[in-house]
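Notes for the structure review
So you can see what is in the structure, the chains are spelled out below.
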Amino acid sequence: MKAYDLVIIGGGPAGLAAAAAARENGIESILILERDRELGGILNQCIHNGFGLHTFQEELTGPEYAGRFIAMVEELGIEYRLHTMVIDISPDKKVIAMSREEGLFEIQAKAVILAMGCRERSRGALNIPGYRPAGVYSAGTAQRLVNMEGYMPGKEVVILGSGDIGLIMARRMTLEGAKVKAVAELMPYSGGLKRNIVQCLDDFGIPLKLSHTVVDIDGRERLKGVTLAKVDEKGKPMPGTEEYYSCDSLLLSVGLIPENELSRGMGVEISQITSGPVVNESLETSIEGVFACGNVLHVHDLVDFVSEEAKAAGRSAASYIKGINKVSDGRVIRLVPEGGVRYIVPSSICLERMENKLTVRFRVGAVYKKAAIAVYYDGKLAARKKRLIMAPGEMEEICLEKERLLKEENLKNIVICIEEEKAQEGMG
């Protein structure tokens with residue numbers, strides 16, 4: 001059995017950034033395991049620009065952004081294996097994997113970083129009535145077909161869900177000559193970034209139908225059309241509001257789910273809200289020496305934030321391997337989401353292990369206009385930041401400073417909530 005100091009599961013943007021940070025912090029024995037044929041993960045099929053503004057201060061395409069980190073990993077001499085599927089990880093960090101070249105093999109790690117990314121929610125999770133004709137794709141599958149394989153899924157398209165991939169594919173299909181007839185969204189607000197709504201729908205005159213869903217699929221062998229209907233506050237279709245759209249393709253952009261089957265198998269505590277691991281300030285899971293970052297932890301909207309978070313996970317894993325802050329009896333402060341905040345990552349802080357500054361990320365559960373992010377230390381207002389608009393599709397963040405927290409004696413809970421003047425209807 002081979003042994004490594006650090007094994008990273010996943011060679012996408014999170015895994016690459018974590019590996020580079022760990023090497024730069026003195027860890028020599030690192031192995032990245034990637035199931036695909038190349039490093040870079042989902043970025044390889046994201047050929048649009050808009051990546052890297054935070055990380056590299058310039059606008060890059062997905063493959064260009066991934067290429068920067070792949071080059072970094074190769075320059076640092078970090079070992080990686082492609083076409084390698086991880087089957088199981090034990091709580092004592094024994095990794096069982098399989099590849100064409102080596103068959104089934106085992107690796108013993110001192111620390112593990114989970115960076116498996118996320119997957120798309122399938123049609124089966126939606127309970128859409130009708131047959132199962134050809135022409136129904138997830139938006140990510142359609143993106144891969146168009147951008148990497150050179151195939152067009154169809155010429156007349158309806159998109160269900162206004163997540164970022166769905167919005168980007170509305171523009172991509174239009175640029176390739178297809179007619180995108182509508183983007184339907186179950187919620188009364190879009191699930192994507194505002195800039196994507198403007199650049200991908202408004203600029204091309206594609207209608208966004210909020211509070212709408214697909215209630216019927218027409219076609220037995222090949223998709224002929226779909227019926228959209230308006231939904232009420234509870235998400236139920238309203239009789240009499242049905243509209244039929246003829247189309248040969250339906251793309252589903254109905255949410256992303258962190259890929260945590262391996263995490264659950266090894267006994268990592270999973271959040272019911274994010275579907276990702278519960279982590280502390282070091283991005284360490286409930287199992288000592290096992291860290292998580294990127295979309296496997298919680299779904300991000302910008303890859304720059306994935307890289308930033310992954311670098312923190314790499315530094316934390318390096319400290320753990322070197323025995324720095326490995327065991328701490330220091331006091332633990334809980335981070336509690338309340339009043340419009342759906343979740344917070346991380347969910348706890350050990351002050352002794354915390355870096356000087358800690359970025360805390362969260363999402364709101366509705367659209368808020370002219371509201372404020374409020375931070376309370378054991379019921380005492382510590383900070384209040386006004387925001388013109390907040391939406392579930394855009395991640396929020398605040399920065400906590402160690403120096404400030406150390407002044408708060410016996411601090412047990414930090415509550416983050418939204419204090420609103422006016423909130424738009426629609427809870428996530």
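The rules behind the values
Residues numbered from 1 in each chain as written. Predicted model: local features only at pLDDT ≥ 70, side-chain atom pairs only at ≥ 80, totals over all residues. Heavy atoms only, no water. Helix = DSSP H or I, 4+ residues; strand = E, 2+ residues; numbered from the N terminus. Buried < 20%, exposed > 50% of the residue type's maximum accessible area, 1.4 Å probe, protein only. Contact = heavy atoms within 4.5 Å. Areas by Shrake-Rupley, 256 points an atom, 1.4 Å probe, with all protein chains shown as cover. Lys, Arg positive; Asp, Glu negative; His and termini not counted. Charge placed at Lys NZ, Arg CZ, Asp CG, Glu CD. Pairing = 2+ DSSP bridges. Axes fitted to C-alpha atoms, helices over the stretch in contact; angles between N-to-C directions. Right-handed = clockwise from strand over helix to strand, strands pointing away. pLDDT = per-residue confidence, 0-100. Expected span 1.5 Å × (residues − 1). Arc of directions from axis to C-beta.

A word on the overall build of the protein
On a plain count of helices and strands, the protein comes out with eight helices and 27 strands. On the principal axes, the C-alpha backbone points of the protein span a range of 65 × 60 × 40 Å. Buried residues in the protein amount to 53% of all 428 residues. Restricting the contact set of the protein to residue pairs at least 6 apart, pairs at least 24 apart contribute 63%. Carbon together with sulfur atoms contributes 49% to the accessible area of the protein, which is approximately 19,400 Å² in total. One finds the centroid of the 53 positive side-chain charges in the protein at a distance of 3 Å from the centroid of its 59 negative side-chain charges.

Some thoughts on the sheet that holds strand β23 (residues 357-364)
Strand order in the open sheet made by the three strands is β21-β23-β26, with antiparallel pairing throughout. This sheet does not close on itself; its edge strands, each paired only once, are β21 (341-345) and β26 (396-401). Neighbour-to-neighbour, the strand axes of the sheet open up by a mean angle of 25 degrees, direction not taken into account.

A few points about the pairing of strand β1 (residues 2-9)
Most of β1 sits out of view: six of its eight residues are buried. Relative to strand β8 (residues 103-114), β1 is paired through seven bridges, and the arrangement is parallel. By the bridge assignment for β8, L6 is matched with A111. Once the chain exits β1 it traverses helix α1 (residues 13-24) before rejoining the sheet at strand β2 (residues 30-33), and the crossover so formed is right-handed.

Comments concerning the confidence of the model for the protein
Predicted confidence across the protein gives a mean pLDDT of 92, with 96% of residues reaching 70 or more. In this model residues 422-428 is a low-confidence stretch, pLDDT under 50, and it forms 22 contacts with partners more than four residues away in sequence or in other chains.

Some details on the sheet that holds strand β13 (residues 208-210)
Strand order in the open sheet formed by five strands is β10-β17-β11-β12-β13, and the pairing between neighbours is parallel. Of all the strands in the sheet, just β10 (136-138) and β13 have a single pairing partner and so form its edges. Here the average twist between neighbouring strands, direction ignored, is 20 degrees. Against the sheet, helix α3 (residues 139-149) makes contact with β10 and β17 (249-252), and its axis sits at roughly 90 degrees relative to β10, the strand it touches most.

Comments concerning helix α2 (residues 62-75)
Side chains that are three or four residues apart share a direction in an α-helix, a result of its 3.6 residues per turn. Compared with the 20 Å implied by 1.5 Å per residue over 14 residues, the 20 Å span of α2 between its first and last C-alpha is a close match. Within α2, the full set of buried residues consists of G62, Y65, A66, F69, I70 and V73. One face of α2 carries all of its buried residues, which in axial projection span an arc of 135 degrees. Contact partners of the buried residues in α2: α1, β2, β3 (49-51), β4 (60-61), β5 (79-81) and α7 (303-322). Just beyond α2, the residue with positive phi is G77, at close to 70 degrees.

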